Amino acid sequence: MRSVLSIFGGGNRINIEHTYKLLDAALSEVRGGDSAGDEPLAASEDVDEALEAAGAILAFKAEKPWDGMFREMHEYIAKIHMELRHYDVAGEQALLVEEYDRHEGEYLIKQIAAHQAGEELEDFDPSSVDEAED
């Protein structure tokens, strides 16, 4: 029996749980990297592998109703690129997050702008959203 967290497509196995672990490790790596300077940073092989794994999951957008997971993949990609100072890519991904969750996407856009200005905002807290606004 197949794992709920694994999908077989085109002969390639995609392990969603493993992808989340790769993305968590990649985000931790880039957040712990050199924060001085304005120049974009190069991604390590581990970061590239995590971004590739996220892209493999996003390739299922037309086939699967996994909106929450797709939102999270875009969010991880945005945050990783933000930390690498690839602000254009981060902003594009934040707009995709906004398509799934307006509040989270808007906050991520603000977080990217703050990072670019040399400031830091904590990650989005869903409990901060007033449900009456929706």
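In this text the structure is predicted, and so the values were computed from the model without any measurement.

Turning our eyes to something else, we now look at the pattern of salt bridges. Per the stated rule, a full pass over the model turns up 8 salt bridges. One salt bridge in this structure joins Arg 31 and Glu 83, with 3.7 Å as the shortest N-O distance. In this pair, Arg 31 is assigned in helix H1 (residues 16-31) and Glu 83 in helix H3 (residues 67-83), connecting sequence segments 52 residues apart. A residue is classified by how much of its surface remains accessible, and Arg 31, at 36% relative accessible area, is partly exposed. By relative accessible area, Glu 83 is classed as buried at 15%.

Even without glycine at this site, Arg 85 takes up a positive phi of about 65°. Checked against the element boundaries, Arg 85 lands in the loop between H3 and helix H4 (87-100). For Arg 85, a relative accessible area of 8% puts it in the buried group.

So, about the nonpolar core. Counting 23 residues, the largest nonpolar core has Leu 23, Val 47, Ile 57, Met 73 and Ile 80 as the members making the most contacts within it. Among the elements of the structure, H1, helix H2 (45-58) and H3 are those that each provide at least two residues to this core. The leading source of residues in this core is H2, at 7 residues. Leaving out residues up to four positions away in the same chain, Ile 57 has contacts with Ile 14, Ile 16, Thr 19, Met 69, Phe 70 and Met 73.

Calculation criteria
- Residues numbered from 1 in each chain as written.
- Predicted model: local features only at pLDDT ≥ 70, side-chain atom pairs only at ≥ 80, totals over all residues.
- Heavy atoms only, no water.
- Salt bridge = Lys/Arg side-chain N within 4 Å of Asp/Glu carboxyl O.
- Helix = DSSP H or I, 4+ residues; strand = E, 2+ residues; numbered from the N terminus.
- Buried < 20%, exposed > 50% of the residue type's maximum accessible area, 1.4 Å probe, protein only.
- Core = buried A, V, L, I, M, F, W, Y, C linked by side-chain atoms within 4.5 Å.
- Contact = heavy atoms within 4.5 Å.

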